[in-house]
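Understanding the architecture of this molecule
Residue strings, one per chain:
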Amino acid sequence: MAQGSRQIQTQAQQQIQTLSPQQILTVKLLELPAVELEDRVRAELLENPALEEGKEESPNDDYADVREEEPQSEDGGDTSYDSLSDYLNEDDIPDYKLQENNRSKGEQAEEIPFSDSTSFYETLKEQLGERVLDEHRRELAEYLIGSLDDDGLLRKPLDSISDELAIYSGIEASPEELEEALKVIQDFDPAGLGARDLRECLLIQIRRKKAQADKNNPLLDVEERILDECYDDFTRKHWDKIEQKLELDEKTCQLAIKEICKLNPRPGASLGEAIGKNMQQIVPDFIVETYDDGTISLTLNNRNVPELRMSRDFTEMLEEHTKNRANQSKESKEAMMFLKQKIDAAQGFIDAVKQRQNTLTVTMQAIIDLQRPFFLEGDESLLRPMILKDVAERTGLDISTVSRVSNSKYVQTNYGIYPLKFFFNDGYTTEDGEEMSVREIRKFLKECIDNEDKKKPYTDDELTEMLNEKGYPIARRTVAKYRQQMNIPVARLRK
């Protein structure tokens, strides 16, 4: 019994991992933004004569008629042009038909990459798949990947993530277990991913360099000590204090600082959009309009993407070949195979385009529902905390699918054009259980600094007290981090 269960489980896993050509096509189209979809559709129109530009009269009608007219064998079996028994010997069978038959018998198809661009989430998930981990640690690491921000850093405390896992996913994980899973992510490329702040991000990169160096590099040791022992002085550019504390000469100190400044403070930024993508003009994939009565309309921006339909000439030719199949020559059978192959490909492409439109619409509608206050008012502070998992749960889609939709897609609103990633952000929960976004906290922080007495500006400690009194439960180092992200200098430099 146990062996049977294992066999079923193995078969199920193989089915999940092996995608059909139709599924691969759907995923490829899903990744494309509006402009590239138009190019892809027009290329398909040129390549496949069974595909035509124009509105589809009725789905699959012509092709369905052909299928219905296929003769049956005396024993009731199908003797359609799908059967290899129609050919006298293997030499008569077209190559593509043999390959198709081999796949149908369960042989594993060659792996085909989805596209030349991979989402941030998928890139890290692929690296995770290369690690030997037990199921629990893999599950924790995958959740942590989904919690990284666009910079590739983990802004949430591990104890908060532990609570999230227990409440929303029913997974018990201590902060110590999450720490171990995080170390796995911090070993991914590019170096610095999974760091909890800028200091840790830079230290990870330096330690990676030390581990990969052929011989000991004293300068790397100095760089590590500067960040490890004098980070505050480094951020304040107190080079003389660093020299004194670490007993360094000016030349060595300046050289180490120069090397530190070459490190990447945002390791996830290179993966944030898509790998291998060139810069292009922004064309919104969605148009969201908000009206005075509070209604919000969503439309897909199909731009110049033509509507597609099956070629009537092709379906009629296939129908004619099918009717006269009794006295068909080898050439005629191969012509019929060619017609069917092109019609199948055309119908598959039409279905994939429709599925793309449906998936995009469902995902964008979920984002609108979750971020409705923003779409009504256009105020960034009204954006609620939202991660990929929230949209996935609301739509019933896989997290990787939501990631593909949000990658390189834009939406036009009454307040401007935004990348879909703009709507995903972390947040905090107050003692009363109320959720608030990081953007809301940053906005209040900026207001405090803008209204301060410039002769006596607020210190980070004072700003922390003000935020806590307002109901924002964050620490002083978090205030310093948000201040740095907004390019606001420390108090003594704001006088």
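The structure this text deals with has already been given above.
Quick caveat: nothing in here was measured; it's all calculated off a predicted structure. (Residues numbered from 1 in each chain as written. Predicted model: local features only at pLDDT ≥ 70, side-chain atom pairs only at ≥ 80, totals over all residues. Heavy atoms only, no water.)

Turning to the pairing of strand 2 (residues 286–290), a few remarks are in order. Residue alternation in strand 2 divides its side chains into a buried set, Phe286, Val288 and Thr290, and an unburied set, Ile287 and Glu289. Pairing of strand 2 with strand 3 (residues 296–300), which is carried by five bridges, proceeds in the antiparallel orientation. Opposite isoleucine 287, over in strand 3, you have threonine 299 as the bridge partner. Turn length for the strand 2-strand 3 hairpin, with the two strands adjacent in sequence and antiparallel, is five residues, and the turn residue glycine 294 shows positive phi of about 90°. (Buried < 20%, exposed > 50% of the residue type's maximum accessible area, 1.4 Å probe, protein only. Helix = DSSP H or I, 4+ residues; strand = E, 2+ residues; numbered from the N terminus. Pairing = 2+ DSSP bridges.)

Positionally, glutamate 44 belongs in helix 3 (residues 34–47). Residue classification places glutamate 44 among the buried positions, given a relative accessible area of 9%. Excluding anything up to four places from it in sequence, glutamate 44 contacts Leu51 and Phe349. (Contact = heavy atoms within 4.5 Å.)

In this section: the packing of aromatic side chains. Applying the stated criterion to the full structure yields 10 aromatic pairs. Note on phenylalanine 374 and tyrosine 415: the rings are 6.1 Å apart at their centroids and 65° apart in plane angle, and the pair reads as edge-to-face. On the criterion of sequence distance, the pair formed by phenylalanine 374 in helix 18 (residues 372–377) and tyrosine 415 in the loop between strand 5 (410–413) and strand 6 (416–419) is long-range, its members being 41 residues apart. Taking the relative accessible area as the measure of exposure, phenylalanine 374 reaches 0% and is therefore buried. Plain terms: the ring middles of tyrosine 418 and phenylalanine 422 are 4.5 Å apart, the flat faces sit at 25° to each other, and that makes the pair stacked. By relative accessible area, which is 13% here, phenylalanine 422 ends up buried. Among the aromatic residues, those joined into a cluster by ring pairs are Phe374, Phe375, Tyr415, Tyr418, Phe422 and Phe423. (Phe/Tyr/Trp six-rings, centres within 6.5 Å; stacked < 30°, edge-to-face > 60°.)

The next thing to look at is the nonpolar core. Leu144, Met364 and Phe423 are the most contacted members of the largest nonpolar core, which totals 48 residues. With six residues, helix 17 (residues 330–370) is the single largest residue contributor to this core. (Core = buried A, V, L, I, M, F, W, Y, C linked by side-chain atoms within 4.5 Å.)

This part covers the sheet that holds strand 5. Taken in spatial order, the four strands make up an open sheet running 3-2-5-6, and their pairing is mixed. Of all strands in the sheet, those with a lone pairing partner are strand 3 and strand 6, marking the two edges. Strand-to-strand, the axes of this sheet are offset by a mean angle of 20°, without reference to chain direction. (Axes fitted to C-alpha atoms, helices over the stretch in contact; angles between N-to-C directions.)

The next subject is the pattern of salt bridges. According to the stated counting rule, one finds 25 salt bridges in the structure shown. Between arginine 155 and aspartate 149 there is a salt bridge, with its nearest N and O atoms 2.6 Å apart. Side by side, arginine 155 and aspartate 149 carry an identical accessibility label, which is buried. Here aspartate 189 ties to arginine 208 by a salt bridge, and the two come within 2.8 Å at their closest N and O atoms. Of the two residues, aspartate 189 sits in the loop between helix 9 (175–185) and helix 10 (198–212) while arginine 208 sits in helix 10, which places them 19 residues apart along the sequence. Taken together, the shared-partner salt bridges in this structure form one network comprising Arg207, Lys210, Asp221 and Glu224. (Salt bridge = Lys/Arg side-chain N within 4 Å of Asp/Glu carboxyl O.)

Quick look at helix 19 (residues 388–395) now. The set of residues buried in helix 19 consists of Leu388, Lys389, Val391, Ala392 and Thr395. On an axial view of helix 19, the arc spanned by its buried residues comes to 160°, and they lie on one face. Downstream of helix 19 by one or two residues, glycine 396 has phi in the positive range, about 80°. (Arc of directions from axis to C-beta.)

This brings us to helix 11 (residues 218–229). Compared with an ideal rise of 1.5 Å per residue, which puts 12 residues at 16 Å, helix 11 spans 16 Å between its outermost C-alpha atoms and is within 8% of the ideal. The complete set of buried residues in helix 11 reads Leu219, Leu220, Val222, Glu223, Glu224, Ile226 and Leu227. Those residues of helix 11 hidden inside the fold are in contact with helix 10, helix 12 (231–235), helix 13 (239–246) and helix 14 (250–260). Its side-chain oxygen 3.0 Å from the backbone nitrogen of leucine 219, asparagine 217 forms the N-cap of helix 11. (Expected span 1.5 Å × (residues − 1). Polar contact = N/O pair within 3.5 Å; in protein donor to acceptor, adjacent residues only side chain to side chain.)

Below, the discussion takes up unusual backbone geometry. Among all residues except glycine, the phi angle is most often negative; among peptide bonds, the trans geometry is most common. Note that the residue after aspartate 189, namely proline 190, is joined by a cis bond; omega there is -5°. One non-glycine residue, lysine 237, adopts positive backbone phi at about 60°. Along the chain, the position of lysine 237 falls in the loop between helix 12 and helix 13. You will see that glutamate 247, though not glycine, has its phi angle at about 55°, which is positive. Tracing the backbone shows glutamate 247 in the loop between helix 13 and helix 14.

Looking now at the packing of helix 13 against helix 14. Put simply, helix 13 and helix 14 touch, their axes get as near as 10 Å, and they point 115° apart. For the crossing formed where helix 13 meets helix 14, the hand is right-handed. Facing helix 13, whose interface residues are Trp239, Ile242 and Glu243, helix 14 presents Glu250, Cys253, Gln254 and Ile257. (Left-handed = near helix turned anticlockwise from the far one by under 90°.)

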